[in-house]
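Residues per chain, in single letters:
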Amino acid sequence: MRIKPPHPDMPWVPEMPVRRLKPSRVLGVERFSDFDEFRANEVLGLGTSTPLRPREFSLSRAILPLRDGLFVLQRSFARRYEAEIGTDNGVGLVVPLTFHSIANGREVDSSMIAVMRGKAPVKAIEHHPNTYLMLRFNSDMRHRGWADFDTVLSYVRTQDDPMARLRAAIVEMFSLASACNDPRQFEALYRPIQETLLAGLDATLLPAGARTARPGSFDKHRKLIAHLDDVVALFGSKPLYSDDLAAALGVSVRTLQVASTRCTA
């Protein structure tokens, strides 16, 4: 399904049908049709919301707790919003599906991912309902390179194709969680989807030149890739994931990505 974007400069993007997701033993679902009953979610801190059109109030959210963090997919309402957003530990992100707001006097749209380390004050106005994924990772994710900054709140503008793939991974993850009533089965199915999601975040959040090797590093990377072949052999028929391979090699995921790109080009 496609919806008309709430701002004339926003691209037309697929709408995630949050309201169609059903609760399961894996996925929690909350829906509110009365603002007096509304409860904010604490995934990235509590805030104060004031609906712009109380008679049209509606909110749906799907809550997916995972070993690596907490993911909340939310369809919000037109509102004024004020909060200290972010995390005390790890890193937080807001990935838009359809989004437009004015936050701290800055226009934020569907092409921008918010990345948080620590907490920052935000005052925003959202003239139309927005759909977005809030993620709180337990890790600081510096090993992947896309949260390697010291500012509290940063916005990263993304390209269309990587963003489309990231949104597809989000849709797949929540659809699977909604349909699965066996937590153990979901744990086995989730890992490949998580890898796709992390790869999507790598593609959208890594700064320009992050996968460019430093001068004189070719021999080091060549030896790393040679060792990688030995590590892959040890895994046998088990699925291969970037975090596991990097840990087995004693390097960061970003270093492994740079070496693989340079030595296989």
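Before any of the text, the structure's been laid out above.
To keep things clear, this report deals only with the structure shown in the data block. (Residues numbered from 1 in each chain as written. Predicted model: local features only at pLDDT ≥ 70, side-chain atom pairs only at ≥ 80, totals over all residues. Heavy atoms only, no water.)

### Notes on the pairing of strand S5 (residues 79-86)
In this sheet, S5 lies alongside strand S2 (residues 47-51) in antiparallel orientation, the contact comprising five bridges. In the strand pairing of S5, Thr48 is matched with Glu82. By the bridge criterion, eight bridges tie S5 to strand S10 (residues 119-126) in an arrangement that is antiparallel. Considered in S10, the bridge of Tyr81 is made with Ala124. (Pairing = 2+ DSSP bridges. Helix = DSSP H or I, 4+ residues; strand = E, 2+ residues; numbered from the N terminus.)

### Some details on unusual backbone geometry
Non-glycine residue Asn104 carries a positive phi angle of around 55°. Positive phi, normally seen in glycine, also occurs at Met141, with a value near 60°. Of note, Met141 is situated in the loop between strand S11 (131-137) and strand S12 (153-157).

### Considerations on the pairing of strand S4 (residues 69-75)
Of all seven residues in S4, seven are buried; the element is thus mostly enclosed. Neither face of S4 is left uncovered, since the one carrying Gly69, Phe71, Leu73 and Arg75 and the one carrying Leu70, Val72 and Gln74 both have all their residues buried. Two elements, strand S3 (residues 59-66) and S4, share seven bridges in a ladder whose sense is antiparallel. In the sheet register, Leu66 faces S4, and the bridge partner there is Gly69. When S4 meets S11, the two strands line up antiparallel, connected through seven bridges. Its bridge partner being in S11, Val72 is matched across the sheet by Met134. (Buried < 20%, exposed > 50% of the residue type's maximum accessible area, 1.4 Å probe, protein only.)

### A closer look at the packing of helix H1 (residues 160-179) against helix H2 (residues 183-205)
For the pair H1 and H2, the least separation of the axes is 8 Å and the interaxial angle reads 160°. Considering their axes alone, H1 and H2 lie roughly antiparallel with respect to each other. For the element pair H1 and H2, the recorded crossing hand is left-handed. For the pair formed by H1 and H2, the contact residues are Pro162, Met163, Leu166, Ala169, Ile170, Glu172, Met173, Leu176 and Ala177 on the first element and Phe186, Leu189, Tyr190, Ile193, Thr196, Leu197, Gly200, Leu201, Ala203 and Thr204 on the second. (Axes fitted to C-alpha atoms, helices over the stretch in contact; angles between N-to-C directions. Parallel < 35°, antiparallel > 145°, perpendicular 65-115°, else oblique. Left-handed = near helix turned anticlockwise from the far one by under 90°. Contact = heavy atoms within 4.5 Å.)

### Structural notes on the sheet that holds strand S6 (residues 91-98)
Here seven strands make up an open sheet; going across it, the order is S1-S3-S4-S11-S6-S9-S12 and the pairing antiparallel. One side of each edge strand has no neighbouring strand; the edge strands of this open sheet are strand S1 (28-32) and S12. Strand-to-strand, the axes of this sheet are offset by a mean angle of 15°, without reference to chain direction. Along the sheet face, H1 touches S3, S4, S6, strand S9 (112-116) and S11 and points at about 100° away from the line of S6.

### A short note on the packing of aromatic side chains
Applying the stated criterion to the full structure yields nine aromatic pairs. Between Phe35 and Phe77 the ring centres are 6.1 Å apart and the planes differ by 70°, which places this aromatic pair in the edge-to-face class. Of this pair, Phe35 sits in the loop between S1 and S2 while Phe77 sits in the loop between S4 and S5; the two residues are 42 residues apart in sequence, bridging distant segments of the chain. Overall, Phe35 belongs to the partly exposed group, its relative accessible area being 27%. Ring geometry for Phe99 and Tyr132: centres 5.6 Å apart, planes at 85°, overall edge-to-face. Residue Phe99 is located in the loop between S6 and strand S7 (100-103), and its partner Tyr132 is located in strand S11; the two are separated by 33 residues in the primary sequence. Three or more aromatic residues joined by ring pairs make a cluster, and in this case those are Phe32, Phe35, Phe38, Phe57 and Phe77. A cation sits over an aromatic face here: Arg79 above Tyr81, 4.6 Å from the ring centre. (Phe/Tyr/Trp six-rings, centres within 6.5 Å; stacked < 30°, edge-to-face > 60°. Lys NZ or Arg CZ within 6 Å of the ring centre and 35° of its normal.)

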